[in-house]
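# Examining the three-dimensional arrangement
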Amino acid sequence: MKFKKRNLITGGSGFLGSHLAKKLLEKGEEVICLDNFFTGNKSNIKKLFKYQNFEFIRHDVTEPIKLEIDNIWHLACPASPIHYQFNPIKTTKTSFIGTHNMLGLAKRVSAKILLASTSEVYGDPEIHPQKESYRGSVNTIGIRSCYEEGKRIAETLCADYQRVHGVEVRIMRIFNTYGPNMRFDDGRVISNFIVQALKNQKITLYGDGSQTRSFCYVDDLINGMILLMESNYKKPMNFGNPKEFSIIELANLIRSLVNPDLQFEYKKLPEDDPKRRQPSIQLAKNLLNWEPKIPLKEGLIRTLDWFKNNL
C-alpha cells in the first residue's frame, strides 16, 4: 500500500493554498488546511470537504501549534498590497513569527517545509530580468517593506534552520500569479481590471501603464511548487512566467475580452511600485524541467469565466 503523505498547508483557504490542497487531495494525499481567514475565503475550500483525507483547522500561524505531518507548505501571509498594508505590523509578525513557528514544527517532527516567498524580495529591481543571485533593492521603511522585508527575514530563518538544525527547506520566490479563487478586492492588477470590466466601470491605470509585470496562471505555478518540494534543491528558486507585459497591454487584452468600449482612468503611481518585474526561470528549467505552459490570453479567459460565475 502506497504511503500517504500528511501535508499541512498554512494559508490553505487562500488563493494558492486552495489550489494546492485540491491538487494534493487528487493525488490521494492527506491535507490539513490551516487558516485564520484574514484574507482566505471559506468558499475556496467548501468543495474539499468531500475528501476523506481533508481536515480544516482555524488557527493563526503567529501562535504555535503541534501536529504530526510530513510536509509543511507555508503559504500564510497577506500577499497583495491592499491587504498587507492594512495591518503592516501584523504582516511582519506573520512573516517572522509565523515562519519561526512552522520551522520549529518542521524541526520537531522532521518534516520538509516549503516557504512561499515572493518576487517582492527584489524590491524595485536594478537588474532585469531578476535572477536568484540578485540581492534586491528594497526600501526598508517604505509602505511595502512590511511584506518585502518580512519575506526576506523569512528566507533568512529558513536558511538558518537548515544550517543549524538540518531542517529540509525549500524556498519558492513567486512572481505575479492569477486564476480562479482570487479575491475580488485583493487590489491586484488582474482582479482589479476584471472586476472593473465586468461591472462596466472605467479601468484604473496607475502611472502611464508602461510598468511591466509577468503573469503566471495558477495551475502552472502549483505544478512548479510540487516539483520544488519533491526536489533536493534547498536555495531560493524563482517561479513565474518570463513573458513580460506592460500594464496597458494587460488592460487592453482584458478590455477586448469583456467590452472593447470601456474607458481607462489614469491615477498617480503608488510609492515604491516596481517599474519592471520579470523572473529569470532558467534555474527551474534546468533543475526541475519546469516552465509555464498556459498563455496569458487562455489563462485570462478561464479566470474571467470564474469571476463571471462568482462575482
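Okay, so let's go over this structure. Bear in mind the structure is a predicted one, so any value in this text is a computation, not a measurement. (Residues numbered from 1 in each chain as written. Predicted model: local features only at pLDDT ≥ 70, side-chain atom pairs only at ≥ 80, totals over all residues. Heavy atoms only, no water.)

### Observations regarding the packing of aromatic side chains
Throughout the structure, instances matching the rule amount to eleven aromatic pairs. Seen from their ring centres, F38 and F86 are 6.3 Å apart, and the 40 degrees between their planes marks the pair as tilted. Highlighted residues: F38 in the loop between β2 (30–35) and α2 (42–45) and F86 in the loop between α3 (81–84) and α4 (88–109), separated in sequence by 48 residues. The exposure class of F38 is partly exposed, given its relative accessible area of 32%. For F86, a relative accessible area of 65% translates into the label exposed. (Phe/Tyr/Trp six-rings, centres within 6.5 Å; stacked < 30°, edge-to-face > 60°. Helix = DSSP H or I, 4+ residues; strand = E, 2+ residues; numbered from the N terminus. Buried < 20%, exposed > 50% of the residue type's maximum accessible area, 1.4 Å probe, protein only.)

### A short note on the side chain of E29
Positionally, E29 belongs in the loop between α1 (15–26) and β2. According to the relative accessible area criterion, E29 is buried, its value standing at 12%. One polar contact links E29 to N7, side chain to side chain, over a distance of 2.7 Å. When sequence neighbours within four positions are dropped, the list of residues in contact with E29 reads K5, N7, L24 and N53. (Polar contact = N/O pair within 3.5 Å; in protein donor to acceptor, adjacent residues only side chain to side chain. Contact = heavy atoms within 4.5 Å.)

### Considering the nonpolar core
The nonpolar side chains of a soluble globular protein tend to be buried, and buried together. Within the largest apolar cluster, 57 residues are counted, with the highest numbers of intra-cluster contacts made by L20, W73, M225 and F239. Examining the composition of this core, we find that seven residues originate from one element, helix α7 (residues 218–230), more than from any other. Ignoring any residue separated from it by four or fewer positions in sequence, one finds M225 in contact with L20, W73, L75, L114, M172 and I174. One finds V61, A76, L157 and V169 within the second-largest nonpolar core, a separate group that totals 25 residues. (Core = buried A, V, L, I, M, F, W, Y, C linked by side-chain atoms within 4.5 Å.)

### Quick word on the pairing of strand β1 (residues 6–10)
Among the five residues in β1, four count as buried, and that is most of the element. For β1 and β2, the ladder comprises five bridges, and the chain directions are parallel. Bridge pairing in β2 links R6 to E30. On the question of chirality, the crossover connecting β1 to the parallel β2 by way of α1 is right-handed. Looking at chain direction, β1 and strand β4 (residues 71–74) are connected through four bridges and run parallel. (Pairing = 2+ DSSP bridges. Right-handed = clockwise from strand over helix to strand, strands pointing away.)

### A few points about helix α10 (residues 296–310)
Think of an α-helix as 3.6 residues a turn; residues three or four steps apart then line up on the same face. When the terminal C-alpha atoms of α10 are compared, their 21 Å separation across 15 residues agrees well with the 21 Å that a helix rising 1.5 Å per residue should span. Buried within α10 are the following residues: L296, G299, L300, T303, L304, W306 and F307. Seen along its axis, α10 keeps its buried residues to an arc of 165 degrees; they face one direction. (Expected span 1.5 Å × (residues − 1). Arc of directions from axis to C-beta.)

### A few points about the pattern of salt bridges
The full count for this structure, using the stated rule, is 20 salt bridges. When the shortest N-O distance is used, the salt bridge between D160 and R163 registers 2.8 Å. Of this pair, D160 and R163 both sit in helix α5 (residues 145–165), three residues apart, which is roughly one turn of that helix. The partly exposed category is assigned to D160, whose relative accessible area is 32%. (Salt bridge = Lys/Arg side-chain N within 4 Å of Asp/Glu carboxyl O.)

### Description of the packing of helix α8 (residues 247–258) against α10
Running from N to C, α8 and α10 cross one another at 55 degrees; their axes reach a closest spacing of 11 Å. Regarding the angle of α8 to α10, the classification is oblique. Classified by chirality, the crossing of α10 by α8 is right-handed. Across the interface between the two elements, L250, L253, I254, L257 and V258 from α8 touch L296, K297, L300, I301 and L304 from α10. Along the lines of polarity and charge, the residues of the contact of α8 with α10 split into nine nonpolar, no polar and one charged. (Axes fitted to C-alpha atoms, helices over the stretch in contact; angles between N-to-C directions. Parallel < 35°, antiparallel > 145°, perpendicular 65-115°, else oblique. Left-handed = near helix turned anticlockwise from the far one by under 90°. Nonpolar A, V, L, I, M, F, W, Y, C, P; charged D, E, K, R; others polar.)

### Some details on the layout of surface pockets
Here the second largest pocket defines a volume of roughly 660 Å³. The set of elements that each furnish at least two residues to the lining of the second largest pocket consists of α1, α2, α7 and α10. Tallying contributions element by element places α1 first for the lining of the second largest pocket, with five residues. Class assignment for the residues of the lining of the second largest pocket results in seven nonpolar, eight polar and nine charged. (1 Å grid on protein atoms, 1.4 Å probe; cavity = no way out; pocket = protein on both sides within 12 Å on 5 of 7 lines; lining within 4 Å. Points joined across faces, edges and corners; volume = space filled by probe spheres on them.)

### Side note on empty space enclosed by the protein
Counting across every chain of the model gives one cavity of 30 Å³ or more. A volume near 50 Å³ is recorded for the largest cavity. Taken together, K5, L24, K27, E29, N71, W73, I226, M229 and E230 make up the lining of the largest cavity. Put simply, the parts of the chain that give the lining of the largest cavity at least two residues each are β4 and α7. In terms of residues, the lining of the largest cavity owes the most to one element, α7, which gives three residues. Split into classes, the residues belonging to the lining of the largest cavity amount to four nonpolar, one polar and four charged.

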